Amino acid sequence: MNMYKLFVTVALVCIMAVGASPSFAADPTSSATQAASGNVTSLVAITTLWNGNEGSDIDFGNLVANNVATTFSGNETVKDYSNVPIALSTYASGALSGSSETIPLANMLYSDYGNSVPDTAFTTTPSAVKTWDTPDQASTPTTPVTYKITVPWNTKPGTYTTTIYHVAQAAT
């Protein structure tokens, strides 16, 4: 019977201890506040799309050596992800080069950029083509680019390559 009394006594002490423990419920009249801040930094970012594929290489396909310009309109787009006004430039690393011949830079033209640039021959130094204001948060501005390639008569068959650059920098 003593064991039973001891058990009941310990049980009552435990119940009273739990009931007497402090309450951590929030006082509805108190609050805590903290100022929160973050610094959004400047971002200059663009990408190119060839036939709707972001960052893909330009493939002019089969070109005819007939000394007539072939136009590629609607294939290339430049997209602006910047949060500051930018100045956009373009240039090529050099002529379209094949195994033994080249297609001169004078035969590689760019134009459009929102109808603001006439047919212009590529150079190996950046040429300004467009200035963009800071876009609003709900849009990602794009601009079309048109290319024209003239392959001279008697250009030997083969693959001809160069690199075309689009460069963005914060507008001043």
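Just so you know, these numbers come straight off a predicted model, no measurement behind them. Once a new chain begins, its residue numbering starts again from 1 and follows that chain's sequence as written. In keeping with the predicted nature of the model, local features appear solely for residues at pLDDT of at least 70, side-chain atom pairs appear and are counted solely at 80 or more, and the whole-chain, interface and lining totals rest on all residues. Note: side-chain values were computed over all heavy atoms of the structure, leaving out hydrogens and water.

*Asks:* Can you help me understand the packing of aromatic side chains in this one?
*Replies:* What characterises a pair of aromatic rings is the spacing of the ring centres plus the angle enclosed by the ring planes. Only Phe, Tyr and Trp rings are paired, with Trp represented by its six-membered ring, and only when their centres lie within 6.5 Å; those with planes under 30 degrees apart are stacked, over 60 edge-to-face, the remainder tilted. Across all of its chains, the model carries eight aromatic pairs by this definition. Judged by centre distance (4.7 Å) and plane angle (45°), the ring pair of Phe60 and Phe72 falls under tilted. With Phe60 in the loop between strand S2 (53-54) and strand S3 (69-80) and Phe72 in strand S3, the pair connects residues that are 12 residues apart, well separated along the chain. Accessibility here uses a 1.4 Å probe with only protein chains present; expressed as a share of the type maximum, an area under 20% marks a residue as buried, one over 50% as exposed, and anything in between as partly exposed. Using a relative accessible area of 14% as the deciding quantity, one classes Phe60 as buried. Connected via pairs of aromatic rings, a cluster forms that spans Trp50, Phe60, Phe72, Tyr110, Tyr113, Phe122 and Tyr147. Helix numbering and strand numbering both begin at the N terminus, where a helix is a DSSP run of H or I of at least 4 residues and a strand a DSSP run of E of at least 2.

*Asks:* So what exactly am I meant to see when it comes to the pairing of S3 here?
*Replies:* Where a strand is regular, its side chains alternate between the two sheet faces. We treat two strands as partners when DSSP finds at least two bridges between them. For strand S1 (residues 46-50) and S3, the ladder comprises five bridges, and the chain directions are antiparallel. Residue Thr48 lies in a different strand from S3, and its bridge partner there is Val78. The pairing of S3 with strand S10 (residues 142-150) spans eight bridges and is classified as antiparallel. Within S10, the residue paired with Val78 across the bridge is Thr143.

*Asks:* Please clarify how the confidence of the model for the chain should be interpreted in this entry.
*Replies:* Caution applies to low-pLDDT regions: their predicted coordinates should not be interpreted in detail. You can read pLDDT as the predictor saying how much it trusts each residue, on a scale of 0 to 100. Within the chain, residue pLDDT values average 88, and 84% of them lie at 70 or more. Any two residues whose heavy atoms approach within 4.5 Å at even a single point are treated as in contact. The low-confidence segment residues 6-14 (pLDDT under 50) makes zero contacts with residues lying over four places distant or belonging to another chain.

*Asks:* What is the right way to read the sheet that holds S1 from this model?
*Replies:* Paired through their backbone hydrogen bonds, the strands of a sheet run either parallel or antiparallel. Pairing in this open sheet of six strands is antiparallel, and the strands run S2-S1-S3-S10-S7-S8 from one edge to the other. Whereas interior strands pair on both sides, the edge strands pair on one side only; in this sheet they are S2 and strand S8 (117-121).

*Asks:* What exactly am I supposed to notice about the nonpolar core here?
*Replies:* Soluble, globular proteins show a tendency: their nonpolar side chains are buried together. Grouped together as the largest cluster of nonpolar side chains are 24 residues, with contacts concentrated most on Met108, Tyr110, Tyr113, Phe122, Tyr147 and Ile149. Those residues within four positions of Tyr113 in sequence are excluded, and the remaining contacts are Leu88, Thr90, Val129, Lys130, Thr143, Pro144, Val145 and His166. Remark: nonpolar core denotes a set of buried residues (Ala, Val, Leu, Ile, Met, Phe, Trp, Tyr, Cys) joined through side-chain atoms within 4.5 Å.

*Asks:* Help me understand the pattern of salt bridges, please; the structure alone is not making it clear to me.
*Replies:* It is possible for side chains of opposite charge to pair when their charged atoms get near one another. In the sections that follow, a salt bridge refers to a side-chain nitrogen of Lys or Arg positioned within 4 Å of a carboxyl oxygen of Asp or Glu. Overall, the coordinates contain one salt bridge when judged by the stated rule. When the shortest N-O distance is used, the salt bridge between Lys148 and Asp119 registers 2.8 Å. Taken as a pair, Lys148 in strand S10 and Asp119 in strand S8 lie far apart in primary sequence, 29 residues in all.

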